[in-house]
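The residues making up each chain are set out below.
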Amino acid sequence: MPATRKPLKPQDDQQRRLAWFRDARFGMFIHWGLYSQLGRHEWVMNRERIPVAEYEPLADSFKPGKWPARKWAQLAKEAGQRYMVMTTKHHEGFCLFDSALTDYNAKRRGPGRDLVAEYVEACREQGLRVGFYYSLMDWHHPDGARCARNEKARRRFVDYIHGQIRELLTNYGKIDILWYDVNWPLSPEGWESERMNQMALELQPDIIINNRNGLPGDFGTPEQHITPEAAGRMWEACMTFNTSWGYTPIDTDYKSARHVVEMLRQVAAGGGNLLLNIGPDPLGNVPAPCPSVLRQVGAWLQQYGPSVYEATDPFQGEWLITGAFTRKGDTLYFHCNRWPGSELAIGGLVCEITSARLMGGPKVKFRQVKDRLVLSGLPEKAPNPLTTVIELGFKGEPRQVLGAGHVVIDKDPWAAPTRKPAAKKTKAK
Ligand code: FHN
């Protein structure tokens, strides 16, 4: 950066840097490392109290297959995912990238090659944005814990961490996301997080940075739940496919394609993204049923994509047993995941409907009486077994009001909600 340029405050151009991310909606998370060889979760070193000396030889037995990242990137593309975030270093401390700061890395040990470089190339071949996950917590580095109680150790460790982030943001071309994780055991001041983020922006002026080095960053990261952040604040929900991030074949409770499609609807309705994880095995193979589920989701997005990618207006509707909404301006997309048959009733829409159709298909008959909408003439069976999207057009911004009472609106339902006149304050006698 030319010396004369005033350092950018991240918020100065945050919306510009976030623009592609808001449109992306769906990304692939990849957790891959030495732990993948043990197959008992990425926290196995900690949970089973494996001593560093016993764990380290995994660095030499780690022998991935040929170009696994190409398979992941092709799969992400087929799934409709528009970016990827891979662990460059997880808590175990092993670096999947060539680092001048430690030999505990894929180039110098078992793999004998830079796995991050392969990952970056594979993303670019598929036109996918590139994200780097980097764990601040490090169970291998001798200062990784004592940095919390010894200033010399903190200085050494923070220099190491900053130095590796500099390597990652210097040696691999344009990087789109810096995804910190687990800032144990230091405070943002201890990590010198402001300086870390400023360095990242100087090296990569378009990069977006998450909130896990203790600073707000550019986006929030709800984990294993889908909870929109404050209005206007970008967020991305990260979710496992089963319940583990790293390869764990004994954990077979995988999410179905229906579940993934519903998660996509939820993040779209809340103005956020879904980062769905895969945990490849030590060779780099993606465990079943992830590939087939991801391809089913991709096929669904081929048919109904705009109801997720483009439906960027927030819509917090009420619960219905037959489905839920996303919104784009005066259009609602009803994601019907429990098909009721030839007739579908939706209550509480207090806005005048102008059109109804199966998304991308034929028009649908409708009748609307006050806040009761009934669609009829629908196919007996759901056109799409995962979720069928019905596109509803309205005169003005659609709203839904149901509440608990069974209230039939007895006045013009289109009138804007009237505010009750404030009760006249009677003067105390
Ligand atoms: O401890 C990690 C965990 O292993 C995984 O990497 C997740 C992914 O967001 N982050 C931490 C738990 O919050």
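Each chain carries its own residue numbering, running from 1 in the written order of its sequence. Under the rules for a predicted model, residues below a pLDDT of 70 receive no local features and side-chain atom pairs below 80 are neither given nor counted, while totals for whole chains, interfaces and linings still include all residues. Excluded from the side-chain calculations are hydrogens and water; all other atoms, namely the structure's heavy atoms, are used.

Q: Got a minute to help me understand the overall build of the chain in this structure?
A: Only DSSP runs of H or I with at least four residues qualify as helices, and only runs of E with at least two residues qualify as strands; both kinds are numbered from the N terminus onward. For the chain, the count of helices and strands is 13 helices and 14 strands. C-alpha atoms of the chain, sized along the principal axes, occupy 75 × 65 × 45 Å. Out of the 429 residues in the chain, the part that is buried amounts to 54%. Any pair of residues with heavy atoms lying within 4.5 Å of one another is described as a contacting pair. Sequence separation of 24 or more characterises 70% of the internal contacts of the chain that already satisfy a separation of 6 or more. Note on areas: Shrake-Rupley with a 1.4 Å probe; residue coverage comes only from the protein chains shown. Approximately 19,500 Å² of the chain is accessible, and the part contributed by carbon and sulfur atoms is 53%. Distance between charge centroids for the chain: 6 Å, based on 57 positive and 48 negative side chains. When a residue's accessible area, from a 1.4 Å probe over protein chains only, is under 20% of the maximum for its type it is buried; when over 50% it is exposed; and in between it is partly exposed. All tallies of charge rest on Lys and Arg as positive and Asp and Glu as negative; His and the ends of each chain are not included. In this description, the location of a charge corresponds to atom NZ of lysine, CZ of arginine, CG of aspartate or CD of glutamate.

Q: Would you mind going over the pairing of strand 1 (residues 26-30) with me for this structure?
A: Consecutive side chains of a regular strand alternate in pointing toward one face of the sheet and then the other. In terms of burial, strand 1 is a largely internal element, five of the five residues being buried. Side-chain alternation along strand 1 places F26, M28 and I30 on one buried face and G27 and F29 on a second face that is also buried. Alignment of strand 1 against strand 7 (residues 273-278), held across five bridges, turns out to be parallel. What sits directly across from F29, in strand 7, is N277. Here the rule is simple: two strands pair whenever DSSP picks up at least two bridges between them.

Q: Can you walk me through the nonpolar core in this structure?
A: Where a protein is soluble and globular, its nonpolar side chains tend to be buried together. For the purposes of this section, nonpolar cores are sets of buried Ala, Val, Leu, Ile, Met, Phe, Trp, Tyr and Cys residues that join through side-chain atoms within 4.5 Å. Of all hydrophobic cores here, the largest spans 89 residues; its most connected members are W72, M84, Y119 and F132. The residue makeup of this core includes at least three contributed by each of domain 1 (10-309) and domain 2 (323-395). Residues in contact with Y119, not counting those within four places in the same chain, are I30, A69, M84, V85, M86, V130, G131 and F132. Throughout, the edges of the domains are those of an automatic or database domain assignment.

Q: I would appreciate a short explanation of the sheet that holds strand 11 (residues 353-358) in the present structure.
A: Strand-to-strand pairing in sheets goes through backbone hydrogen bonds, with the strands running parallel or antiparallel. Strand order in this open sheet of four strands is 8-9-14-11, and the pairing throughout is antiparallel. Both edges of this open sheet fall to strand 8 (323-328) and strand 11, since each of them pairs with a single strand only. For this sheet the average axis-to-axis angle between neighbouring strands, irrespective of direction, equals 25°. Across six bridges, strand 8 lies against strand 9 (residues 331-336) in antiparallel orientation. Counterpart to R327 in the pairing with strand 9 is L332. Only the stretch in contact is used when a helix axis is fitted, and all axes are lines through C-alpha atoms; the angle between N-to-C directions ranges over 0 to 180 degrees. Here helix 11 (residues 257-270) sits on the sheet and contacts strand 8 and strand 9; the angle it forms with strand 8, its principal contact strand, is near 40°.

Q: Explanation requested: the state of the cysteines in the structure shown.
A: Two cysteines whose sulfur atoms are joined by a covalent bond form what is called a disulfide. By convention in this document, the label disulfide applies to cysteine sulfur atom pairs within 2.5 Å. With the rule as written, the count across this model stands at zero disulfides. Of all cysteine sulfurs, the one in C95 lies closest to C147, which takes part in no disulfide; the gap is 16 Å.

Q: Please clarify how the site of the ligand should be interpreted in this entry.
A: We define proximity as follows: a residue is near a molecule or strand when any one of its heavy atoms falls within 4 Å of that partner. Around the ligand there are 14 residues in total, and H31, E42, W43, H91 and D181 lie nearest to it. In the model, an oxygen atom of the ligand is placed 3.3 Å from a nitrogen or oxygen of the Y133 side chain. Definition of a polar contact: a pair of N or O atoms within 3.5 Å, with one able to donate and the other able to accept a hydrogen when the atoms are protein atoms, and with sequence-neighbouring residues admitted only if both atoms are side-chain atoms. One of the side-chain nitrogen or oxygen atoms of R212 is found 3.2 Å away from an oxygen atom of the ligand. Burial of the ligand by the surrounding chains reaches 87%, relative to a free accessible area of 330 Å². A class-by-class count of the residues in the shell around the ligand yields seven nonpolar, three polar and four charged. Three classes are used: nonpolar for Ala, Val, Leu, Ile, Met, Phe, Trp, Tyr, Cys and Pro, charged for Asp, Glu, Lys and Arg, and polar for all others, with Gly counted as polar.

Q: Sorry, what's going on with the domain arrangement of the chain here?
A: A common measure of how large an interface is: the accessible area buried when the components associate. Under the domain assignment, the chain is made up of domain 1 (10-309) and domain 2 (323-395). Centre-to-centre, using C-alpha coordinates, domain 1 lies 38 Å away from domain 2. Note on domain 1 versus domain 2: buried area summed over both sides is about 1,300 Å², and carbon and sulfur give 60% of it. Accessible-area loss on putting two parts together, using a 1.4 Å probe and summing over both, is the definition of buried area adopted here. It is R258, R265 and Y304 that lose the most area in domain 1 upon contact with domain 2, and together they represent 48% of the buried surface on that side. Only one rule defines a salt bridge in this text: a Lys or Arg side-chain nitrogen within 4 Å of an Asp or Glu carboxyl oxygen. Taken together, domain 1 and domain 2 are joined by zero salt bridges. Summed over the shared surface of domain 1 and domain 2, the result is six residue pairs in polar contact (both at pLDDT 80 or more). Looking at the side of domain 1 that touches domain 2, the elements with two or more residues in it are helix 11, helix 12 (290-304) and helix 13 (306-309). For the side of domain 1 that touches domain 2, the element with the highest residue contribution is helix 11, accounting for seven residues. Broken down by class, the residue content of the side of domain 1 that touches domain 2 amounts to eight nonpolar, three polar and three charged.

Q: Quick question: what am I supposed to make of the environment of P287 here?
A: Here P287 lies in the loop between strand 7 and helix 12. Residues P287 and T252, 35 residues apart in the sequence, show an inter-C-alpha distance of 10.0 Å.

Q: What am I meant to see in the packing of helix 11 against helix 12 here?
A: Packed helices, taken two at a time, are described by their axes: the angle between them and the distance between them. Following both chains from N to C, one finds helix 11 and helix 12 inclined at 50°, their axes separated by 9 Å at the closest point. When the interaxial angle is binned, helix 11 and helix 12 end up oblique. In this structure, helix 11 meets helix 12 at a crossing whose hand is right-handed. Contacts between helix 11 and helix 12 involve A257, V260, V261 and L264 from the first element and V293, Q296, V297, W300 and L301 from the second. Here the residues of the contact of helix 11 with helix 12 sort into eight nonpolar, one polar and no charged. Here roughly perpendicular refers to angles of 65 to 115 degrees, roughly parallel to angles under 35, roughly antiparallel to angles over 145, and oblique to all remaining angles. Left-handed describes a crossing whose near helix is turned anticlockwise from the far helix through less than a right angle; right-handed describes the clockwise counterpart.

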